[in-house]
Amino acid sequence: MSFVFLIFVPLLAALFIPLLFKKFGRIHTGWFVLVVPVILFTYYVSLLPTTISGGNLVSEFQWIPSLDIAFVAYIDGLSLLFTLLITGIGALVVLYSIFYLDKHREQLHNFYVYLLMFMTAMLGIVQSDHLITLYLFWELTSISSFLLIGYWYTRDRSRFGALKSMMITVFGGLMMLGGFVLLSIMGDTYSIRELIPQAAELVTHDFFIWALVLVLLGAFTKSAQFPFYIWLPDAMEAPTPVSAYLHSATMVKAGLYLVARLTPVFAISGTWMWLVAGVGLFTMFWGSFFALKQKDLKGILAFSTVSQLGLIMSLLGASAAGYHVDNIAETTFKYAGFAAIFHLINHAVFKGSLFMIAGIVDHETGTRDIRKLGGLMSLMPISFTVAMIGAFSMAGLPPFGGFLSKEMFLTAMLSLTEFDLFSMDVWGILFPVVAWLGSVFTFIYSFYFVFHTFAGEHKPEQLPKPAHEAPIGMLISPVFLSLLVVVIFFIPNLVGDWFVKPAVLAMQPFLYTSPDEINIHVEAWHGPTPELFMTLGIVAIGFLMFWTLRKWQKSYDLFPDTLTLNALYDSVMFMSDTGANRFSRLYMTGFIRSYLVYMFSFVIFIVLGTLFLTDAFAIDFTNLAPVGFYEVVILIALVGSTLTILFSKSRLTGIIALGAVGYSVALFFVIFRAPDLALTQLVIETISVALFLLAFYHLPQISRKEERMRFRFGNALVAIGVGVTVTLVALSSLSQKALPSISEFYKETVYKEAGGGNIVNVILVDYRGFDTLFEIAVLGIAGIGIITMIKLRLTKKEDQHENK
Amino acid sequence: MRTNDVMLQTATKVVTFIILMFAVHIFFAGHYTPGGGFVGGLLTTSAIVLLMLAFDIETVKKILPINYVTMTAIGLLLALATASASIIFDVPFFTHAYDYFDLPLFGKTSLHSAMLFDAGVYLVVVGVTMTIIQTIGEDE
């Protein structure tokens, strides 16, 4: 089974969604969609035994062989783990969305098409071994998440959030493409697997540091690291199932995946370690600190996601340190990589459930403002329990999965201080300190989220809807996830053996050759170690600060709003908007004749300039064919009708004369034996004259002022210039015999290889089939554009009519 | 303003069919002699436009109750499906296949997958040009 095609299964399924939505409107479309991730998940689970034993699978499919671009699906521990998260949590999210989104009021067909598109993009990212296709899927996630975040497109905030997320992540993606290209230049391959063994040579290359920084920009923007995190809180305008999926389990983790995947390539460089670990840790602290400023439930979760992503990022950075240690088994560094992957799994599970709870609270009370909420504990007992489990896991308390990974995080950060490379002995002490501070705030916001919503005083008068427990269907997914949170705590080593160790093997191939060599045993009780005392400190200080939260939370408002990164983003966007507007107004006159002057002057400038610079004039009159009688006649007709256009007093004459020009050119094609062109030209002329006549009714008469149009010297100069340029190009190309004509190649191969007789048509459908495909796509888009432009105007007119 | 266009209407009734037949011929002939999906599509459009000029948009809509946007979509999908069908046979994207068959009535005929692709082009061309003409024509 070539599983590379499975990546496209969601995309293919998406084609049928609008149809299903229309035909089976009574059944919620989500039920059909649910089948896709469930089947994929079941299939990918069957690949687990291979990766558990440290093996991998490759399946590939050539896409553009001549450019060496192929879809290569590479399944090892790391990609399989992500694949299972994408399909598994995807299935739960779809199930949840069936109850969350109303089938009558929502445009489900749009929603699920975007969601399935996104699923394909994510599967593509985590399985691609080829850098170019990886980039392709990477940007596809940006686009599909743009559509998902802007799903309620009539709301201003949704459009703003969607645009912001796309601006930032696409910017990062483009930078990353640059990094990929540099990598491929250095290593002479697009394949990640082939780059890894070359790491030692790559690091000496001049481009190495550029590639490193560019790739990291891509990863940091996607994973919302400081200072690019600002898009994530605004992305919360998306429907909650989307937040639960994109912003907890999948898209934001793409950056983490990329860092993990490329660790073997870059770990050799100290810059990598410093940047990834440093930025990650700072993001962790920053995110957790500002989470407490938020009043919106999903806002709190967004900042907590930023913080948790930072935590995992810092661990990934620390894991790179393993490259520089001789005997890993003796040191505590080994924990970093393991903890990163382990926490990634934990985070996907508990954050998924927390987002779903935030959605349930929103759905059942009508608000997400934490100041209005409170005392929901007795009204929504199941949601409360789930929220508590998730939040306690996030705070790092036993007996929940998050406790284990947080302990390992502290271990890894402490171990960095013992590291005596890259001046870690001086600055290393910052790592555990910042990590501890971040953990304290994590503890506080976890409690803030759950207790300010569910405990305290119930204020029914402030809620838009009377609160009550969510329907069973909506609870299935979060309850299941919260069960997983508990289960992971009790069987951490099973999770470790099945998922974490194979992934660590993929991430640190320089340390291990099989998953069995990773001798890490996760224990809830690990003795009276420094980590335990740090945890006790977190709980004690965190609890104290949570208790007094109301007293000091107001101090957040003291931060000036004009000095935030968001304000910076807004002002940059505003400046570029107004700047572009002003610039456009300079040259956009609204008259087509001005634009034609621009275009034609540009053509003259470029073409004539190139001809002059490259000294390409080659005029050779020796080989000319005699000029026949018909040619002279058509030429006279051509010139005559052109002059008629120039001097015509009415539009009708002008249109007819223009048609005459077209037909004369078509006759030229006939004489010079290009029947295909002639045929097309004739039909096009006919239709465009008909179209002109249709539009004729709407055109104003040529006004009296224009009738006495004075001779314009500039326009005449441009017109003559174009004529001269085209003539020169034609004469030069006729005399140029440096290369043999390509028509010979076509003549020879058209019948043999493509089984056709008409060269033009064979080029269109076979040799240049891609061009044709995209051309008709462009044509289709243009048609839709015209419809929307004209129909939108119509509806506006109708509105005005109603208002009268 | 109502003009007497009996002559135009009578001629159109005959000419439209001639143009349509020619369009079909051109379309099928495309791979060996001048023609193809693009020109065939344009010719078909010109036949419909002629109908619209001789009668009016509403009448033509009744005769040909076609949603041209759907037609465009079907054309695009057909072209894409032909191109990607090659994946099933494990050859690079866009590889065409052809062979010669002895068909009843036609004799030795070449059947080419490029024709399906061309049919997609045909549908898109007709769909888009008619969409444009119809929307502009209906816009008062």
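None of these values were measured; they are calculated from a predicted model.

S.K.: Residue-level account of the overall build of chain A, with values.
M.R.: Scanning chain A for helices and strands turns up 34 helices and two strands. Principal-axis analysis of the C-alpha atoms places the extent of chain A at approximately 105 × 70 × 50 Å. Across the 804 residues that make up chain A, the buried fraction comes to 51%. Restricting the contact set of chain A to residue pairs at least 6 apart, pairs at least 24 apart contribute 80%. Put simply, chain A shows about 37600 Å² of open surface, and 69% of that area lies on carbon and sulfur atoms. Separation of charge centres in chain A, based on 48 positive and 52 negative side chains, amounts to 15 Å.

S.K.: Pulling in residues and values, what's your account of the overall build of chain B?
M.R.: Secondary structure summary: chain B contains five helices and two strands in total. If you list the helices and strands of chain B from N to C, you get α-α-α-α-β-β-α. Its C-alpha atoms give chain B a radius of gyration of 18 Å, more than 25% over the compact-globule value 14 Å for 140 residues. Each of the three principal axes of chain B carries a C-alpha extent, and together these read 60 × 35 × 20 Å. Per-residue burial for chain B yields a buried fraction of 46% across its 140 residues. Across chain B, contacts joining residues at least 24 apart in sequence account for 64% of those joining residues at least 6 apart. Taken as a whole, chain B presents about 7600 Å² of accessible surface, with 73% of it coming from carbon and sulfur. In chain B, the 5 positive side-chain charges and the 10 negative ones have mean positions that sit 11 Å from each other.

S.K.: Lay out the interface of chain A and chain B with the relevant residues and their values.
M.R.: Contacts between the two partners involve 44 residues from chain A, matched on the other side by 45 residues from chain B. Roughly 3900 Å² of surface becomes buried between chain A and chain B when both sides are summed, with 76% attributable to carbon and sulfur atoms. Our enumeration of links across chain A and chain B arrives at zero salt bridges. Applying the counting rule to chain A against chain B returns zero residue pairs in polar contact (both at pLDDT 80 or more). Taken together, the elements giving at least two residues each to the side of chain A that touches chain B come down to strand E1 (57-64), helix H29 (675-696), helix H32 (743-754), helix H33 (759-767) and helix H34 (769-803) of chain A. In terms of residue count, the dominant contributor to the side of chain A that touches chain B is H34(A) (16 residues). Taken together, the residues of the side of chain A that touches chain B sort by class into 26 nonpolar, eleven polar and seven charged.

S.K.: Got a sec to walk through the nonpolar core? Specific residues and values, please.
M.R.: All names here are of chain A. Core analysis: the largest hydrophobic core is formed by 209 residues, its most contacted members being Phe180, Leu183 and Leu316. Sorting elements by how many residues they give to this core places helix H16 (residues 334-365) first, with 18 residues. With near-sequence residues (within four places) excluded, Leu183 lies in contact with Leu131, Asp188, Leu195, Leu202, Ala211, Val265 and Phe266.

S.K.: Can you break down the UniProt feature "transmembrane region" (unreviewed entry) in chain B residue by residue, with the values?
M.R.: Taking the UniProt record as the reference, the feature "transmembrane region" (unreviewed entry) is found at residues 12-32, 38-57, 69-94 and 114-133 of chain B. What you have in residues 38-57 of chain B is 90% helix and 0% strand, and the ends, taken at the C-alpha atoms, are 24 Å apart.

S.K.: Go over the packing of helix H15 (residues 297-320) of chain A against helix H18 (residues 401-417) of chain A with me, naming the residues and quoting the values.
M.R.: Residue and element names in this part refer to chain A. It is the contact of H15 with H18, at a shortest axis distance of 10 Å, that shows an interaxial angle of 45°. One way to sum up the angle between H15 and H18 is to call them oblique. Like other packed secondary-structure pairs, H15 and H18 cross with a definite hand, here left-handed. Touching Leu311, Ser314, Leu315 and Ala318 of H15 are Phe409, Ala412, Met413 and Leu416, all from H18. Among the residues forming the contact of H15 with H18, the class breakdown is seven nonpolar, one polar and no charged.

S.K.: Lay out the packing of H15(A) against helix H20 (residues 430-454) of chain A with the relevant residues and their values.
M.R.: All names here are of chain A. Where H15 meets H20, the closest approach of the two axes is 11 Å, and the angle between their N-to-C directions is 160°. Classified by the interaxial angle, the pair formed by H15 and H20 is roughly antiparallel. Two packed elements cross with a definite hand, and for H15 against H20 that hand is left-handed. Between H15, through Leu297, Ile300, Leu301, Ser304, Ser307 and Gln308, and H20, the contact on the second element is made entirely by Thr442, Tyr445, Tyr448, Phe449 and Thr453. Residue classes in the contact of H15 with H20 are distributed as six nonpolar, five polar and no charged.

S.K.: Before we move on, can you summarise helix H1 (residues 6-29) of chain B with the specific residues and values?
M.R.: Along its 24 residues, H1(B) runs 34 Å from first to last C-alpha, staying within 8% of the 34 Å computed at 1.5 Å per residue. Listed in full, the buried residues belonging to H1(B) are B:Gln9, B:Thr12, B:Thr16, B:Ile19, B:Ala23, B:Ile26, B:Phe27 and B:Ala29.

S.K.: How would you sum up the side chain of A:Ser314? Please name residues and give values.
M.R.: Residue and element names in this part refer to chain A. Locating Ser314 in the fold gives a position in helix H15. By relative accessible area, which is 0% here, Ser314 ends up buried. Aside from chain neighbours lying at most four places away, what touches Ser314 is Val276, Ala277, Gly280, Leu281, Phe409 and Met413.

S.K.: Just give me the short version of the pairing of E1(A), but keep the residues and values in it.
M.R.: Residue and element names in this part refer to chain A. As paired strands, E1 and strand E2 (residues 69-75) are joined by seven bridges and run antiparallel to one another. Across the sheet, residue Ile64 finds its bridge partner in E2, namely Ile69. Hairpin connection from E1 to E2: four residues lie between these consecutive antiparallel strands, with Asp68 at a positive phi of about 65°.

S.K.: Give a description of helix H26 (residues 592-613) of chain A that names residues and reports values.
M.R.: Residue and element names in this part refer to chain A. Over its 22 residues, H26 extends 31 Å from the first C-alpha to the last, a length consistent with the 32 Å expected when each residue adds 1.5 Å. Considered for burial, the residues of H26 that qualify are Ser594, Ile604, Leu608 and Leu611. Along H26, the residues classed as buried sweep out an arc of 140° about the axis, all on the same side. Among the exposed residues of H26, those pointing more than 90 degrees away from its buried face are Ile592, Phe602, Phe605 and Leu613. One or two positions beyond H26, positive phi appears at Asp615, with a value near 55°.

S.K.: Tell me about the packing of aromatic side chains, and name the residues and values.
M.R.: All names here are of chain A. Going through the model one piece at a time under the given rule, you end up with 53 aromatic pairs over all chains. Taking 5.1 Å as the distance between ring centres and 75° as the angle between the ring planes, the aromatic pair formed by Phe82 and Tyr257 counts as edge-to-face. Of this pair, Phe82 sits in helix H4 (residues 77-100) while Tyr257 sits in helix H13 (residues 251-266), and the two are 175 residues apart along the sequence. With respect to class, Phe82 is no different from Tyr257; both count as buried. Each ring, one from Phe403 and one from Phe489, has its centre 6.4 Å from the other, and the planes form 50°; the classification is tilted. Taken together, the residues span a long stretch of sequence, with Phe403 in helix H18 and Phe489 in helix H21 (residues 472-490) at a distance of 86 residues. Accessibility expressed as a relative area gives 6% for Phe403, which makes it buried. Just above the ring of Trp152 sits the side chain of Arg155; from NZ or CZ to the centre is 4.3 Å.

S.K.: Can you explain the environment of B:Gly30? Please cite residues and give values.
M.R.: Tracing the backbone shows B:Gly30 in the loop between H1 and helix H2 (37-54). Judged by relative accessible area, which is 0%, B:Gly30 ranks as buried. Contact partners of B:Gly30, with chain neighbours within four places excluded, come to A:Asn758, A:Asn761, B:Gly35 and B:Gly36.

S.K.: Tell me about the confidence of the model for chain B, residues and numbers included.
M.R.: Residue and element names in this part refer to chain B. With 94% of its residues at a pLDDT of 70 or more, chain B shows a mean pLDDT of 82. Mean pLDDT across the elements of chain B ranges from a minimum in strand E2 (residues 107-112), with 72, to a maximum in H1, with 88. Taken together, the chains of this predicted complex give a pTM of 0.80 and an interface ipTM of 0.87.

Conventions and cut-offs
Residues numbered from 1 in each chain as written. Chains lettered and ligands numbered in written order. Predicted model: local features only at pLDDT ≥ 70, side-chain atom pairs only at ≥ 80, totals over all residues. Heavy atoms only, no water. Helix = DSSP H or I, 4+ residues; strand = E, 2+ residues; numbered from the N terminus. Buried < 20%, exposed > 50% of the residue type's maximum accessible area, 1.4 Å probe, protein only. Contact = heavy atoms within 4.5 Å. Areas by Shrake-Rupley, 256 points an atom, 1.4 Å probe, with all protein chains shown as cover. Lys, Arg positive; Asp, Glu negative; His and termini not counted. Charge placed at Lys NZ, Arg CZ, Asp CG, Glu CD. Rg over C-alpha atoms; globule rule 2.2 N^0.38 Å. Buried area = accessible area lost by both parts, 1.4 Å probe. Salt bridge = Lys/Arg side-chain N within 4 Å of Asp/Glu carboxyl O. Polar contact = N/O pair within 3.5 Å; in protein donor to acceptor, adjacent residues only side chain to side chain. Nonpolar A, V, L, I, M, F, W, Y, C, P; charged D, E, K, R; others polar. Core = buried A, V, L, I, M, F, W, Y, C linked by side-chain atoms within 4.5 Å. UniProt positions renumbered as here; feature names shortened; annotations may be inferred. Axes fitted to C-alpha atoms, helices over the stretch in contact; angles between N-to-C directions. Parallel < 35°, antiparallel > 145°, perpendicular 65-115°, else oblique. Left-handed = near helix turned anticlockwise from the far one by under 90°. Expected span 1.5 Å × (residues − 1). Pairing = 2+ DSSP bridges. Arc of directions from axis to C-beta. Phe/Tyr/Trp six-rings, centres within 6.5 Å; stacked < 30°, edge-to-face > 60°. Lys NZ or Arg CZ within 6 Å of the ring centre and 35° of its normal. pLDDT = per-residue confidence, 0-100.

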